[in-house]
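Chain and residue survey
If you want the building blocks of each chain, they are given just below.
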Amino acid sequence: MTTTPLTSAPAAANPVLRVPPASPASAAAYFAASLAFHADVSDVAAALAAGGEPGFVLLDSRSAASWDQGHVPGAVHLPTALVSERAEQLLDRSVPVVTYCWGPGCNGATRAALALVELGYRVKEMLGGFEYWVREGFPYETGEGLRTRDADPLTAPVGTAACGC
């Protein structure tokens, strides 16, 4: 039996390349824009751990019950539904805001970010939300104090501080 190398298969048969990649210039614009809208959990943790002012406010957009279950230390609590009425009392428009919610399956941080930008704030969303904060082994706060869990090896490197990305 003879096999055909993958490189000789027609592009139309390959579901990855059925739609060809964008040009380098278009891709650069897209990826640059993505980085302007998102921050990852590790970068947020590093900025908060560096000491001093990180240059942004971290905003937990979940409900009070979710906040009590656990939240990122130092985060400001402002549920998505209350952004329009309370943002000006809690946030300074000159300081960027990084929103988070539960995790990748939740769009609460996206909705909070939209509400904030409509009020004139500069906003990024923390990819992975609280779920990935905890899964990567960063400390979180509950009513009973500070807690941590071992990092999940599927989301964070084991035995080293950085993933190298």
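Preceding this section is the structure that the text describes.
These numbers come from a predicted model, not from an experiment. (Residues numbered from 1 in each chain as written. Predicted model: local features only at pLDDT ≥ 70, side-chain atom pairs only at ≥ 80, totals over all residues. Heavy atoms only, no water.)

Considering the side chain of Thr 99
With respect to the element layout, Thr 99 can be found in strand β4 (residues 97-100). You can call Thr 99 buried: its relative accessible area is 0%. Polar contacts involving the side chain of Thr 99 include one to the main-chain carbonyl oxygen of Ala 109, which spans 3.1 Å. The contacts of Thr 99, once residues within four sequence positions are left out, are Leu 59, Ala 109, Ala 112, Ala 113, Leu 116, Val 123, Lys 124, Glu 125 and Met 126. (Helix = DSSP H or I, 4+ residues; strand = E, 2+ residues; numbered from the N terminus. Buried < 20%, exposed > 50% of the residue type's maximum accessible area, 1.4 Å probe, protein only. Polar contact = N/O pair within 3.5 Å; in protein donor to acceptor, adjacent residues only side chain to side chain. Contact = heavy atoms within 4.5 Å.)

Topic: the pattern of salt bridges
With the rule as written, the count across this model stands at six salt bridges. Between Asp 60 and Arg 62 there is a salt bridge; the shortest N-O distance is 2.7 Å. Each member of the pair, Asp 60 as well as Arg 62, is classed as buried. In this structure, Asp 152 and Arg 135 form a salt bridge, with 2.6 Å as the shortest nitrogen-oxygen distance. Here Asp 152, found in the segment after β7 (145-147), pairs with Arg 135, found in helix α6 (residues 129-135); they are 17 residues apart in sequence, far enough to count as distant. Taken together, the shared-partner salt bridges in this structure form one network comprising Glu 131, Arg 135 and Asp 152. (Salt bridge = Lys/Arg side-chain N within 4 Å of Asp/Glu carboxyl O.)

Considerations on the nonpolar core
Core analysis: the largest hydrophobic core is formed by 16 residues, its most contacted members being Val 44, Leu 58, Val 72, Tyr 100, Met 126 and Trp 133. Secondary structure elements with two or more residues in this core: α2 (41-49), β4 and α6. (Core = buried A, V, L, I, M, F, W, Y, C linked by side-chain atoms within 4.5 Å.)

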